[in-house]
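In case you want the letters, here they are:
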Amino acid sequence: MSRRADAIRRAVHPLARYLRRTCPSDRPVHVRVCRCRLVYGDCERAATAYRIRVNDDQDVDSAVGTLLHEWAHALSYGLDGDEEHGAFFEAAERLVFEAYHDRDRG
Ligand SMILES: [Zn+2]
């Protein structure tokens with residue numbers, strides 16, 4: 001496993017734990033850092049949970065941004081109809097980024 005992938009895991013998993021407390025979704029959100037055929041990551045809804053994948057082949061800041069973006073998909077899943085990044089998604093993304101910046105401020 002690469003050092004960069006390790007660094008991504010050390011950033012992404014604690015942030016996911018934080019988001020579970022501060023931006024909970026309607027079902028559990030599982031997060032996996034993996035080498036996947038995606039540029040950044042994705043979010044899918046399974047029967048009982050959301051599954052977020054974050055590609056480990058990107059820099060750490062980009063991986064953190066990916067988690068925040070995909071978390072907003074978990075919060076707004078299905079609300080925007082056919083639009084991938086509609087108004088509900090944008091509102092969810094603002095919430096998630098605000099929570100992230102609050103955490104940064106301690
Ligand atoms: Zn998206």
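Our structure's up above, just so we're on the same page.
About the cut-offs
Every chain is numbered independently, its residues counted from 1 as its sequence is written. In keeping with the model being predicted, local features are shown solely for residues with a pLDDT of at least 70 and side-chain atom pairs are shown and tallied solely at 80 or more, while totals for entire chains, interfaces and linings include all residues. Runs of H or I in DSSP of at least four residues are treated as helices and runs of E of at least two as strands, each being numbered from the N terminus. As defined in this context, the radius of gyration uses C-alpha atoms, and a globule is described by 2.2 Å times the residue total to the power 0.38. Contact between residues is assigned whenever the C-beta positions, reconstructed from backbone atoms, fall within 7 Å. Orientation is described by lines fitted to C-alpha atoms, with helices fitted over the stretch in contact, and by angles between N-to-C directions that extend from 0 to 180 degrees. Should an angle fall under 35 degrees it is taken as roughly parallel, and over 145 as roughly antiparallel, whereas 65 to 115 is taken as roughly perpendicular and any remaining angle as oblique. For a crossing to be left-handed, the near helix must be turned anticlockwise from the far one by less than a right angle; the clockwise case is right-handed. Between any two strands, pairing holds if DSSP finds at least two bridges. Expected span, for any helix, means 1.5 Å times one less than how many residues it has. In this scheme the burial state of a residue depends on its C-beta neighbours within 10 Å: 20 or more other such atoms mean buried, 12 or fewer mean exposed, and anything in between means partly exposed; the C-beta positions come from the backbone.

Asker: Hey, could you run me through the overall build of the protein in this one?
Answerer: Broken down by element type, the protein carries 3 helices and 3 strands. For the protein, the sequential pattern of α-helices and β-strands runs α-β-β-β-α-α. Its C-alpha atoms give the protein a radius of gyration of 13 Å, within 12% of the compact-globule value 13 Å for 106 residues. Looking at the protein alone, contacts between residues at least 24 apart form 45% of all its contacts between residues at least 6 apart.

Asker: So what exactly am I meant to see when it comes to the packing of helix α2 (residues 60-76) against helix α3 (residues 87-104) here?
Answerer: For any two helices packed against each other, one specifies the inter-axial angle together with the distance between the axes. Contact geometry of α2 with α3 gives a least axis separation of 8 Å together with a crossing angle of 130°. In this view, α2 runs oblique relative to α3, as classed from their interaxial angle. Of the two possible hands of crossing, α2 and α3 adopt the one that is right-handed. Packed against α2, whose contacting residues are L68, H69, W71, A72, H73, L75 and S76, the element α3 presents F88, F89, A92, E93, V96, F97 and Y100 at the interface.

Asker: Honestly, the sheet that holds strand β2 (residues 41-45) in this entry has me stumped. Any pointers?
Answerer: What holds strands together in a sheet is hydrogen bonding between their backbones, with the strands either parallel or antiparallel. Read from one edge of the open sheet, 3 strands run β1-β3-β2, paired in mixed fashion. Each edge of the open sheet is held by one strand with a lone partner, namely β1 (29-34) and β2. Averaged over all adjacent pairs, the angle separating strand axes in this sheet is 15°, with direction ignored. Two elements, β2 and strand β3 (residues 50-55), share 5 bridges in a ladder whose sense is antiparallel. Bridge pairing links D42 to R53 in β3. Strands in contact with helix α1 (residues 3-22) are β1 and β3; relative to β1, the strand with the most contacts, it is inclined by about 170°. In this fold α2 packs onto β1, β2 and β3, with an angle of close to 160° to the strand it touches most, β3.

Asker: What should I look at first to understand the environment of F97 in this one?
Answerer: As for its position among the elements, F97 is in helix α3. Separated by 20 residues in sequence, F97 and Y77 have C-alpha atoms that sit 17 Å apart.

Asker: It is not clear to me how the environment of R45 should be interpreted in this structure. Could you clarify?
Answerer: Position of R45 relative to the elements: it lies in strand β2. Considered as a pair, R45 and F97 are 52 residues apart in the sequence and their alpha carbons are 21 Å apart. Residues in contact with R45, not counting those within four places in the same chain, are Y50 and Y77.

Asker: I keep staring at α2 and nothing clicks. Help me out?
Answerer: Residues spaced three or four apart along an α-helix point in a common direction, a consequence of the helix completing one turn every 3.6 residues. Relative to the 24 Å expected for 17 residues at 1.5 Å per residue, α2 spans 25 Å between its end C-alpha atoms, a close match to the ideal helical length. Inspection of α2 places A63, T66, L67, H69, E70, W71, A72, H73, A74, L75 and S76 among the buried residues, and these make up the whole buried set. Those residues of α2 hidden inside the fold are in contact with α1, β1, β2, β3 and α3. Phi for G78, located one or two positions after α2, is positive at around 80°.

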